[in-house]
Amino acid sequence: MAKKIITFLMVAFLVTGCSYFNKKEVKTTNNKTVNETKDKKIVNKEKQEEQPKHLIVIDAGHQERGNNEKESIGPGSTVTKPKVASGTSGKWSGLNEYELTLQISLKLKEALLKENYQVIMVRETNNVNISNSERAKIANDNNCDAFIRIHANGSENTSANGAMTICQTSSNPYNSSLYGQSKKLSECILNKYTEKTGIKKERVWETDTMSGINWCQVPVTILELGYMSNKIEDLKLSDDSFQNEMVEGIVLGINQYFE
């Protein structure tokens, strides 16, 4: 009888013990699974954050030497314009427009890369020969999400001042379907740029006279940074620290466009 009791107790112990250890193992496995799931979520979130945002093509307006050969103002048009001009210049800063636009464009490139955008530059030197239609083609061929064209203004009226953006009209014969996107892009950049810099906001100019816009098949805007013919703005536009503010404003506008 004693042997039977001892045998019974041993069997009971083994069954209870195994059940206990099995429960511990299941609990440990479940914790591990939960932790692994959390880890995967964190990794996936980090991967999502690392993914580049949108692709931006930046065109530093003009170039060192203009090209007066003619090209169509838009696809299939019989109206022609010079392929590209060298632009205006600042009487007080001594800068040419093509130099200023490249300075801003290179800074904009670096700022956008830090914001995790992808960036393609139309030009990174002044000694190039790229027509306005060819600049648009670079944006089109890369199917970019926004084409930002950097320019500066000039006027015979030296008191004229302020910044504007330019896009096509809603009845543009070449790319009217892009009007809504281009108008929004123009508004966002102009608003944030003028807010950040304190430069007067002129307007979004809607026109179908710009070949560099007419040839586009992607959302596009031209930003006229300010007037190089105005002493105050000319000196501001050439100032390195002020240029950083200008770029910050442009980036804020681009961010707002994609929100």
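Residues numbered from 1 in each chain as written. Predicted model: local features only at pLDDT ≥ 70, side-chain atom pairs only at ≥ 80, totals over all residues. Heavy atoms only, no water.

Draft legend 1. Expanded view of helix H3 (residues 132-141). Taken as a whole, H3 has its buried residues at Asn132, Ser133, Arg135, Ala136 and Ala139. An end-on view of H3 places all buried positions within 160° of arc, on one side of the element. Those residues of H3 hidden inside the fold are in contact with strand E1 (55-60), strand E2 (67-72), strand E3 (80-84), strand E5 (146-153) and helix H5 (211-214). Within two residues after H3, Asn143 carries a phi angle of roughly 50°, on the positive side. (Buried < 20%, exposed > 50% of the residue type's maximum accessible area, 1.4 Å probe, protein only. Helix = DSSP H or I, 4+ residues; strand = E, 2+ residues; numbered from the N terminus. Arc of directions from axis to C-beta. Contact = heavy atoms within 4.5 Å.)

Draft legend 2. Up close: the state of the cysteines. By the definition in use, this model includes zero disulfides. For Cys216, which is in no disulfide, the shortest distance to another cysteine sulfur is to Cys144 and amounts to 7.6 Å. The buried category is assigned to Cys216, whose relative accessible area is 0%. (Disulfide = S-S within 2.5 Å.)

Draft legend 3. The arrangement of the layout of surface pockets in detail. Estimated volume of the largest pocket: approximately 390 Å³. What lines the largest pocket is a set of 22 residues, and nearest its centre among them are His62, Ala85, Asn132, His151 and Met210. Looking at side-chain class alone, the lining of the largest pocket contains nine nonpolar, eight polar and five charged residues. (1 Å grid on protein atoms, 1.4 Å probe; cavity = no way out; pocket = protein on both sides within 12 Å on 5 of 7 lines; lining within 4 Å. Points joined across faces, edges and corners; volume = space filled by probe spheres on them. Nonpolar A, V, L, I, M, F, W, Y, C, P; charged D, E, K, R; others polar.)

Draft legend 4. A look at the side chain of Thr165. Within the fold, Thr165 resides in strand E6 (residues 163-167). Here Thr165 falls in the buried class, since its relative accessible area comes to 0%. Ignoring anything within four residues of it in the chain, the contact list for Thr165 reads Ser186, Leu190, Arg203, Val204, Trp205, Thr221, Ile222 and Leu223.

Draft legend 5. View of the confidence of the model for the protein. Overall, the prediction assigns the protein a mean pLDDT of 88, with 81% of residues at 70 or greater. Scored below 50 in pLDDT, residues 2-29 makes zero contacts in the model with residues more than four places away or belonging to other chains. (pLDDT = per-residue confidence, 0-100.)

Draft legend 6. Here's a closer look at the packing of helix H4 (residues 179-197) against helix H7 (residues 240-258). Close contact between H4 and H7 brings their axes to 7 Å; oriented N to C, the two are set at 145°. Seen from above, H4 lies across H7 with right-handed handedness. Listed contacts from H7 to Gln181, Lys184, Leu185, Cys188, Ile189, Lys192, Tyr193, Lys196 and Thr197 of H4 are Phe242, Glu245, Met246, Glu248, Gly249, Ile250, Leu252, Gly253, Ile254, Gln256 and Tyr257. The residue inventory of the contact of H4 with H7, partitioned by class, reads 10 nonpolar, five polar and five charged. (Axes fitted to C-alpha atoms, helices over the stretch in contact; angles between N-to-C directions. Left-handed = near helix turned anticlockwise from the far one by under 90°.)

Draft legend 7. Expanded view of the sheet that holds strand E8 (residues 220-227). Taken in spatial order, the six strands make up an open sheet running E4-E1-E5-E8-E6-E7, and their pairing is mixed. A single partner strand is all that each edge strand has here, and the edge strands are strand E4 (118-121) and strand E7 (201-206). The mean angle between the axes of side-by-side strands here comes to 20°, regardless of whether they run parallel or antiparallel. Pairing between E6 and E7: four bridges, direction parallel. Residue Thr165 lies in a different strand from E7, and its bridge partner there is Val204. (Pairing = 2+ DSSP bridges.)

Draft legend 8. Here's a closer look at unusual backbone geometry. Located in the positive-phi region is His62, a residue other than glycine, with phi close to 70°. Locating His62 in the fold gives a position in the loop between E1 and E2.

Draft legend 9. Looking closely at the pattern of salt bridges. Under the definition given, this model contains 11 salt bridges. Between Lys183 and Glu206 there is a salt bridge; the shortest N-O distance is 2.9 Å. Here Glu206 lies in strand E7 and Lys183 lies in helix H4, a separation of 23 residues in the sequence. By sharing partners, the salt bridges in this structure join Asp59, Arg135 and Arg149 into a single network. (Salt bridge = Lys/Arg side-chain N within 4 Å of Asp/Glu carboxyl O.)

Draft legend 10. Spotlight on the packing of aromatic side chains. On inspection of all chains with the given rule, the structure shows two aromatic pairs. Ring geometry for Tyr117 against Phe258: centres 6.1 Å apart, planes inclined by 45°, an arrangement best described as tilted. A residue pair is termed long-range when its members are at least 10 positions apart, and Tyr117 in the loop between helix H2 (97-114) and E4 and Phe258 in helix H7 qualify at 141 residues. Judged by relative accessible area, which is 4%, Tyr117 ranks as buried. Taken together, a centroid distance of 4.8 Å and an interplanar angle of 70° make the contact between Tyr257 and Phe258 edge-to-face. Owing to a relative accessible area of 23%, Phe258 belongs among the partly exposed residues under this scheme. Among the aromatic side chains, those forming a connected cluster through ring pairs are Tyr117, Tyr257 and Phe258. (Phe/Tyr/Trp six-rings, centres within 6.5 Å; stacked < 30°, edge-to-face > 60°.)

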